Amino acid sequence: MAGGAVLAATDVRTWLPYAAVAAVSALSGLTALARPGRSRPGPAAEPAGPPPEFRDATAEDGRNTSARTSRTESRADATPVAPGRSVYEMTRPVRPVPVQGLADDPPFTVRAAVHSHVAHIASPGLLGTPEAVHIPLTGHNLLLTLTATGPDEVVLRSLRAEVTDRPPLRADGVALARPRMPDLVMSADLLESAQRAVRAYRRLRSPDVAVLLDHSPAPVLAEAGADTALPLTAAPGASATLTCAPVTDDGRWVRWRLTAEIACAGRVWRPWWDLAVTATTGLARFSPDAAPTPAPVHALYPDHYDPRAPEGQRAPSETDRTFQVVAHTSRDGRGVLEMPSRPEPGPEPPGAAEAIRRADALTRTGDLTGAAEAYRSAAEAGSGQAAYLLAGLARNQGDLDGAAHWYERAAARRVPAAYNNLGVLAMLRGDLDGAERWYRRGMDAGDWAAAVGLGVVREKRGDEAQAEELWRLAGKRDVPNADQNLAVLYERQGRHREAGELFTRAAEAGDVQAAVRLGFRCHEAGDRDGAERWWRTAADAGSADGAFYLGLLLVSEGRAEDGERLWERAAAHLGTPGRAVARTPPGPEAGTTYRIGAAAEPGEVYAAYELGRLHWERDDHDAALAWWTLAAGTGHVDSVFGLCQLYLNVRGDLAECLRWGYFALDIEGVPADRVAALAAGMREVAEQFAGAGAYESDPGAAAEACSLAAEAYRRLTAHDSAHRPAWEEAVRRLVALAESSGSPRARQQAASAAARLRATG
C-alpha cells in the first residue's frame, strides 16, 4: 500500500484550514494515485483529453461545477481513465440520498443527506453504474431529517443498518473539502474552485448515533427506546434531525442499507436508503523532517467521528503543525509536484544521438556555427534534446528570440527543463504572465527549479506569502537560489535572524550569491575579516560579484594592485560589448539574477566600470575606454556617460559621443536628472559648435548635438510636462541650425523633431 499526500501550507496557527488544499491520495491496489519518491509515465505536454466529468458538485441548473485540477474542456465519451488520477475540490460536501420504500403519500417527509470532508470518486462505468459514485470516508455525518406535514406528530422509532456488499474499492480520484482559503494556491485554475469550496464548507455535527458497520450481526441502532437518541419525534408542522456517524475499518467499498421504522397516525412505514462508505485508505501525514505516517480521516479533519474517542470530537490543536505543502496537483489532474508524473520526452528520431554528439564535439572546438547546424538538423527532424541544446547555444550568443523558439520546440517534445528556461526568458523580457505560465508548466513536470522561478513572479506581484512558501519548500530540496531568495525576503521584512541562518546555510552549501550577501552583512556589522572571508569564498568559486566586492574592500584599504587583479578577473567574464542582456541590481539588492548565457553579472559590470575609472584617474584613456565600453554594452549608465565625456573631450569624436548619448536614452531606468543633464550638455555643445564657444564653428555638428538634446527633452516631457518649454526651445534651435548648416541630414532631423512636437499639440 502506498501512502497519499496531503498538502497543507505551513507557518499557520492551525493545520486544519490547509489540510484540504493538498491531499493527494495514494490508494491501495487499483486506487494508487502516486508513489512517493518514484517517477511514473505521465501525459504529454498537451494531454489528449481530460479525465471524465465527475458530478462532485452540481449547480441547480445541472451544470457541472466540480473543481477539478484537470483541464476544463468537456469530453463527449465517459470512458473511465486508469484509477487514481485526480484530486478534486469538494464544492458540494452535503449530498442527498434518495429514499426508497415510500410508495404512497405519507403525512411526513424524511430526507437523508451525506455530509463528508473526504470521499473517493469513481467515474461513470468504473463500478458498473451509469453515474459517478461518491464513497465518503468513515466518520462522516448521515443527516436524517423528519418533517411532519400533517396534523399528527411523526415518530422515528428505530433504525437498523445492514451491510449488503463489500466489493474491492476502485476509484478515479479523491474529493476534499477546503475549510478556508489558503495562502498558497499553486495552480491558477484552482483559485475559483477553491473559493466555491470555502463557501460550501461547514463543520460536521457531533453524532447522535454511531453506526458500527463492522459489527456482526447487523447492528440495531435503536429499538424500543434502547438508545437515548431515539425515538425522534417531529411535532405537527415541525422538523427534527438525527445525526448518524457511519464507522468502518474496512478499506473496501462498503455498501450498506439503512432502514427506518416511522410511525404516524396509527400507521408504520419502513423506508430505506442505500449508502456507501469506506475506511480511511491511502491518506498520510507529511512532515519536512520525517517519513510520511498514516493518518486516519479524523486526524486530518478533527470533526470526523473517531470511535476511539467517543466522548467528543477532537478539536484542532495549536501544536498540530506537521503538515507541509509537499505536493502540487497538476493542471491536467494526473500528477503532483512532490511525486511528479513526469512526461516522458518524445521519442528521438533516428540519427539524432549521432548528430548531437557531432554538435557537442564542434562546440568544444569552438565551431559554434557548425554545432548549430548539426543541432538544427536533428531538431527539425523532431529531436527534443537537440532543440533544447540549440536553444542554449542561441541564448549564449544573446539571441533570446532564437532561444525561445527552440525551447518551445523542446517543450513540445516534452523536455521538462525547457519549461523553466522559457520562464526565465519571459522574466528577462518583463513578461510576468508568460513567466508564470511556463513556470507552472515546469512545476507540473516536477521541476522544483520552476517553483523557485514562480516564487520570484509571485514576489514581483506583491504576493510575498506565496513566494515565501515556494522558496521555503524548494530550499528543503536544496534547489539553487531558493534559500538565497528567501533570505533576501526575510531581511527585507526585518526577520534578520532567520535571514542570517538561511544565508549561512546557503553559503555553506555552495551558493555564491549567499556568500556575497553574508559578506555584506559582516561588513555592515563591522566584521571586516568575515566580509573578506565570505567574499573570497564567493570569488574563489567563480563569482564575479564576490571578486568585485572583495576588490572594492582591498582598494579602500590601499591594496590597489590586489583589488585591480580581482576586478580584472571579474570583468574578464564580461565578453564583448552587446552580448549581455540582463540588467540586474548590484549585489546588495539582488535576490535572483536572471542570467542566461552571456548575460552579465552585476560584479562583472561594476568591475569593468571601476577599472575604467581607475585608468581614467591614471590618464590611461585607452584602457579606460576599453573597460567602459565593456560595461556600457550591458547598459551601465555611468559607463555610458563616461564614454560620452571621453569621446567628446579627449578624443574629439562627436559622432561616437552622440552614438553613446542615444544609447543612454534607450536604457530603461535611467534617472531623469541624468537625462536632463545629457540634454543640457548637448544643448551647450551645440551652441559651442555654432560659434559661441571654444569649438571651431561647425553648424552641421551643432545641429547633430541639438538633435540629441531635443530627443532627450522629448522623452523627459513624456513623463513630466514641465520639460516641454525646453523641448520646444531645442526644436526651434535645431530648425535654425539645420537651415544655416545646409546639411540635408540636419534638415531631416529638424523636420522629424518638429513633426513629433506638433503631434503632441
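Before any of the text, the structure's been laid out above.
What you see is a predicted model; the values in this text were computed from it and never measured. (Residues numbered from 1 in each chain as written. Predicted model: local features only at pLDDT ≥ 70, side-chain atom pairs only at ≥ 80, totals over all residues. Heavy atoms only, no water.)

Colleague: Please give an account of the overall build of the protein that cites residues and values.
Modeller: Across its full length, the protein carries 25 helices and 20 strands. Taking all 761 residues of the protein together, 54% fall into the buried category. When the accessible surface of the protein is split by element, carbon and sulfur atoms take 49% of a total near 32,600 Å². (Helix = DSSP H or I, 4+ residues; strand = E, 2+ residues; numbered from the N terminus. Buried < 20%, exposed > 50% of the residue type's maximum accessible area, 1.4 Å probe, protein only. Areas by Shrake-Rupley, 256 points an atom, 1.4 Å probe, with all protein chains shown as cover.)

Colleague: Can you lay out unusual backbone geometry for me, pointing to particular residues and giving the numbers?
Modeller: Glycine aside, residues mostly have negative phi, and peptide bonds are mostly found in the trans state. Of note, the phi angle at Ala 265 is positive, near 55°, even though the residue is not glycine. Following the sequence through the fold, Ala 265 ends up in the loop between strand S16 (254-264) and strand S17 (267-269). Within the chain, Asp 619 stands out as a residue other than glycine whose phi angle is a positive 65°. Structurally, Asp 619 is set in the loop between helix H18 (602-617) and helix H19 (621-632). Residue classification places Asp 619 among the exposed positions, given a relative accessible area of 58%.

Colleague: Outline the environment of Glu 162, listing residues and values.
Modeller: With respect to the helices, strands and loops of the structure, Glu 162 is situated in strand S10 (residues 154-165). Taking the C-alpha atoms as reference, Glu 162 lies 9.8 Å from Asp 214; in sequence the two are 52 residues apart.

Colleague: Summarise the environment of Gly 612; cite the residues concerned and give the values.
Modeller: Positionally, Gly 612 belongs in helix H18. On the basis of relative accessibility, which here comes to 0%, the residue Gly 612 falls in the buried class. In the structure, Gly 612 is positioned 12 residues away from Ala 624 in sequence and 3.9 Å away in space, judged by C-alpha atoms. Setting aside chain neighbours within four positions, we find Gly 612 in contact with Ala 624, Trp 627 and Trp 628. (Contact = heavy atoms within 4.5 Å.)

Colleague: Explain the packing of aromatic side chains to me, using residue names and the numbers behind them.
Modeller: Applying the stated criterion to the full structure yields 12 aromatic pairs. Geometrically, the ring pair formed by Phe 520 and Tyr 549 is edge-to-face, given 4.6 Å between the ring centres and 70° between the ring planes. One end of the pair, Phe 520, is in helix H14 (residues 512-524); the other, Tyr 549, is in helix H16 (residues 544-556), with 29 residues separating them in the sequence. Each of the two residues, Phe 520 as well as Tyr 549, counts as buried. Judged by centre distance (5.2 Å) and plane angle (75°), the rings of Trp 660 and Phe 663 are edge-to-face. Of this pair, Trp 660 and Phe 663 are both found in helix H21 (residues 654-665), 3 residues apart, which corresponds to roughly one turn of the helix. (Phe/Tyr/Trp six-rings, centres within 6.5 Å; stacked < 30°, edge-to-face > 60°.)

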